[in-house]
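One letter stands for each residue in the lines below.
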Amino acid sequence: CLAYCRFSMENLEWVSKVRVNTQAVLKRAQQIQGRKVAKKQWQAAWLLKAVTCIDLTTLAGDDTPSNVHRLCMKATQPIRHDLLKSMDMHDKGITTAAVCVYPSRVADAVKSLKAANSCLPVASVATGFPAGQTPLKTRLAEVQMAVEDGATEIDIVINRTLALTGQWAGLYDEIRQFREACADAHMKTILAVGELGTFTNVYKASLVSMMAGSDFIKTSTGKETVNATYPVAIVMVRAIRDYFLRTGYKVGFKPAGGIRTAQESVVWLTLMKEELGDEWLNPHLFRLGASSLLADIERQIYHYVTGRYPAYHELPMA
Ligand SMILES: O=C[C@H](O)COP(=O)(O)O
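Note that the structure is a prediction, hence the values are computed from the model and not measured.

What follows concerns the packing of helix α11 (residues 230–247) against helix α12 (residues 262–276). Interaxial distance between α11 and α12 falls to 10 Å at its minimum, and their mutual angle equals 30°. As far as their axial angle goes, α12 and α11 are roughly parallel. Crossing of α11 over α12 shows right-handed handedness. From α11, Tyr-230, Ala-233, Ile-234, Val-237, Arg-238, Ile-240 and Arg-241 reach across to α12, where they touch Glu-264, Val-267, Trp-268, Leu-271, Met-272, Glu-275 and Leu-276. The class makeup of the residues in the contact of α11 with α12 is ten nonpolar, no polar and four charged.

Here's what the structure looks like:
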């Protein structure tokens, strides 16, 4: 299988021939952003779909077992029960797709979810997140530790130095080692697109990550100056499409970083639907990495149900 081969001459040739037409990418991104937004019940349906695709994230220096617990509770009941009941959606098991935390907080998240009888996946960033500038040995050990503590999804960051200096075979080798360290855990590979310089590098890094066995490719850590943008997403999802057409492998996409509004979440879903089709509109192949998006989605759903926006105390868990 192509995903597990060595970085072959064929792969190298594929990567080295890549050229991206910047103007075409920008035009396509503008088209998608310009689409008319769905209203009323259609908008509510899109927003609930977005909720089910969120990796509800906390990645802060002051994370503690208690705020991780709170995050987990919110992930298991992302929208207030009475709001869901008004939409007749209270018995549909709506949760976020996963929670996402630092490796040191994985055990806390696993414990909280277990206590709540939830089998929601715990994702952990790893490999020297966000910069990836620690020794390979340390980055691999971090992945192993997170998996041992119960993470079933690992969000690795790529080595930008290798990408920026065109060492694609070296990047492939590193990601392959992370893939092995992940064992059965799903691996999402963060490209940190804001630091890759060009769309061509983004496309090449996307291809190499998929060739090395990534289950998802993810835009950003949320810590770069530029994070998830629509043009960069067009480049990445086109790489996913090309990879699928050539190999038959379906790789997921996760935009992350700076996604804060309900309206943006609908644009992201539209982009997936138009570029990759309905199959990519589910948490197996699409995630939204976000720490504060859910609050705005719940607010908009509150407005849809009641006709007014909530006061702060009416959505305290948001
Ligand atoms: O992977 C997820 C990102 O770190 C979240 O970024 P955000 O805090 O800007 O939503």
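Now that the structure is up, let's keep going.
Since one α-helical turn is 3.6 residues long, residues separated by three or four positions face the same way. Across its 15 residues, α12 extends 21 Å between first and last C-alpha, which sits within 8% of the 21 Å expected from 1.5 Å per residue. In terms of residue burial, α12 counts as a mostly covered element, since eleven of its 15 residues are buried. Within α12, the full set of buried residues consists of Ala-262, Ser-265, Val-266, Val-267, Trp-268, Leu-269, Thr-270, Leu-271, Met-272, Glu-275 and Leu-276. The inward-facing, buried residues of α12 contact α2 (22–33), α3 (40–52), α11, β7 (252–254), β8 (288–290) and α13 (293–306).

Before going further, it helps to examine the site of the ligand. Lining the immediate surroundings of the ligand are Thr-57, Leu-59, Lys-218, Thr-221, Gly-222, Ala-256, Gly-257, Gly-258, Arg-260, Gly-289, Ala-290 and Ser-291. Interatomic distance of 2.7 Å between a backbone N/O atom of Thr-221 and an oxygen atom of the ligand. Here an oxygen atom of the ligand sits 2.8 Å away from a polar atom, N or O, in the main chain of Gly-258. Summarising the interface, the protein chains cover 91% of the accessible area of the ligand, which totals 310 Å² for the free molecule.

For the bond from Phe-129 to Pro-130, the omega torsion is 0°, close enough to zero to count as cis. By the element assignment, Pro-130 lies in the loop between β3 (122–126) and α7 (136–148). The phi dihedral of Asp-88 falls on the positive side, at around 60°, and the residue is not glycine. Here Asp-88 is to be found in the loop between α5 (81–86) and β2 (98–101). Residue Asp-88 is classed as exposed on the basis of its relative accessible area of 51%. The backbone phi angle of Ala-183 is positive, close to 50°, even though this residue is not glycine. Here Ala-183 shows up in the loop between α9 (168–182) and β5 (186–190).

It is worth spelling out the pattern of salt bridges at this point. Considering all chains together, one arrives at 28 salt bridges under this definition. The shortest N-O distance in the salt bridge between Glu-13 and Lys-17 comes to 3.0 Å. Classification of Glu-13 by relative accessible area gives partly exposed; the value is 42%. Close ionic contact of Glu-274 with Arg-35 constitutes a salt bridge, the shortest N to O distance being 2.5 Å.

The sites that carry the UniProt feature "active site" (unreviewed entry) are, in the present numbering, Lys-218 and Lys-254. The largest pairwise C-alpha distance within this set of annotated residues, which runs over 37 residues, is 4.4 Å, so the set is compact in three dimensions. Considering the arrangement of structural elements, one finds Lys-218 in strand β6 (residues 216–218). Ignoring sequence-local partners within four residues, the contact set of Lys-218 consists of Asp-155, Thr-189, Ile-190, Leu-191, Met-236, Lys-254 and Ala-256. A polar contact is formed between the side chain of Lys-218 and the side chain of Asp-155, at a distance of 2.8 Å.

Bringing the nonpolar core into the picture now. A general trend in soluble globular proteins is that nonpolar side chains are found buried together. Formed by 97 residues in total, the largest nonpolar core has its most connected members in Phe-253 and Trp-268. When neighbours within four sequence positions are excluded, Phe-253 is seen to be in contact with Phe-216, Ile-217, Thr-219, Ala-233, Met-236, Val-237, Ile-240, Trp-268, Met-272, Leu-285, Phe-286 and Arg-287. Core analysis: the next-biggest nonpolar cluster, separate from the first, contains seven residues, Leu-59, Cys-100, Phe-129 and Ile-190 among them.

For the rest of this paragraph, the subject is α7. Given a rise of 1.5 Å per residue, 13 residues ought to cover 18 Å, and the 18 Å separating the end C-alpha atoms of α7 matches this to within 8%. Backbone geometry just downstream of α7 places Gly-150 in the positive-phi region, at approximately 115°.

Another aspect to go through is the state of the cysteines. Going through the model one piece at a time under the given rule, you end up with zero disulfides. Cys-100 provides the cysteine sulfur closest to Cys-72, a residue in no disulfide bond, and the two sulfurs are 11 Å apart. The exposure class of Cys-72 is buried, given its relative accessible area of 0%. The thiol of Cys-182 is unpaired, and the distance to the nearest cysteine sulfur, on Cys-100, comes to 13 Å. On the basis of relative accessible area, Cys-182 is assigned to the buried category, the value being 0%.

Cut-offs used in this document
Residues numbered from 1 in each chain as written. Predicted model: local features only at pLDDT ≥ 70, side-chain atom pairs only at ≥ 80, totals over all residues. Heavy atoms only, no water. Axes fitted to C-alpha atoms, helices over the stretch in contact; angles between N-to-C directions. Helix = DSSP H or I, 4+ residues; strand = E, 2+ residues; numbered from the N terminus. Parallel < 35°, antiparallel > 145°, perpendicular 65-115°, else oblique. Left-handed = near helix turned anticlockwise from the far one by under 90°. Contact = heavy atoms within 4.5 Å. Nonpolar A, V, L, I, M, F, W, Y, C, P; charged D, E, K, R; others polar. Expected span 1.5 Å × (residues − 1). Buried < 20%, exposed > 50% of the residue type's maximum accessible area, 1.4 Å probe, protein only. Near = heavy atom within 4 Å. Polar contact = N/O pair within 3.5 Å; in protein donor to acceptor, adjacent residues only side chain to side chain. Areas by Shrake-Rupley, 256 points an atom, 1.4 Å probe, with all protein chains shown as cover. Salt bridge = Lys/Arg side-chain N within 4 Å of Asp/Glu carboxyl O. UniProt positions renumbered as here; feature names shortened; annotations may be inferred. Core = buried A, V, L, I, M, F, W, Y, C linked by side-chain atoms within 4.5 Å. Disulfide = S-S within 2.5 Å.

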